[in-house]
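# Structural description and commentary
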Amino acid sequence: SVLHQTGPGKLGEAAAPRSSYRAVEYVEDVHTALAAATVALVRGGASTLAEVGAMRVPCFVAPYPGHADRHQERNAEQLGSGARIVQDSELNADVRDEILSLAFESGASRRAAMRRELERNVPVDAALRAWREIMGVVRPGKPTA
């Protein structure tokens, strides 16, 4: 099954409705969608990549090509081999087949390796780690929570 977030006012650009495909302008419950996802195709915004990484969803990242500084590509590089970066110009039948291969049972070992890489690169306790670092500077030598 495919859940396609089109963006506001862009449902008309979605594929034709069918039983295994659902297009929405906006995903209200990202956590549930990502928890159900086997693989994701996303842009490279920092929040999106943090969510995908925290949920350990192997992904293909198509950085938005309109950014002159290519920051979305650099964001995606931080996920290491947990993400495969593809340019919009590369979104073709070969990439579609690669995504499908990853999504099916034959891709289980690759998905597992990608999840391990996401776990290594996107710690879910980052806020706690930052807090401990801050407290170590503010109160040197004092134990932190």
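Anyway, here's the lowdown on the structure attached to this text. Predicted model, so just to flag it, every value in this text is computed and none were measured.

## Describing the overall build of the protein
Broken down by element type, the protein carries 6 helices and 5 strands. Going residue by residue from the N terminus, the α and β elements of the protein occur as β-β-α-β-α-β-α-β-α-α-α. Each of the three principal axes of the protein carries a C-alpha extent, and together these read 60 × 35 × 30 Å. Within the protein, buried positions represent 28% of all 145 residues. With the model as given, the accessible surface of the protein reaches about 9,500 Å², and the carbon-plus-sulfur share is 53%. For the protein, the centre of its 18 positive side-chain charges and the centre of its 18 negative side-chain charges are spaced 6 Å apart.

## Side note on the sheet that holds strand β4 (residues 59-61)
Within a beta sheet, neighbouring strands are joined by backbone hydrogen bonds and run either parallel or antiparallel to one another. Within the open sheet, the 3 strands sit side by side as β3-β4-β5. Their pairing is parallel. In the strand order of this sheet, the two ends are held by β3 (40-42) and β5 (83-85), each with one partner. Taking each pair of neighbouring strands and ignoring which way they run, the sheet shows an average axis angle of 20°. Relative to β5, β4 is paired through 3 bridges, and the arrangement is parallel. Bridging from a neighbouring strand, F60 pairs with R84 of β5. Across the sheet, helix α4 (residues 93-103) is in contact with β3, β4 and β5; its angle to β4 comes to roughly 155°.

Quick notes on the rules
Residues numbered from 1 in each chain as written. Predicted model: local features only at pLDDT ≥ 70, side-chain atom pairs only at ≥ 80, totals over all residues. Heavy atoms only, no water. Helix = DSSP H or I, 4+ residues; strand = E, 2+ residues; numbered from the N terminus. Buried < 20%, exposed > 50% of the residue type's maximum accessible area, 1.4 Å probe, protein only. Areas by Shrake-Rupley, 256 points an atom, 1.4 Å probe, with all protein chains shown as cover. Lys, Arg positive; Asp, Glu negative; His and termini not counted. Charge placed at Lys NZ, Arg CZ, Asp CG, Glu CD. Pairing = 2+ DSSP bridges. Axes fitted to C-alpha atoms, helices over the stretch in contact; angles between N-to-C directions. Contact = heavy atoms within 4.5 Å.

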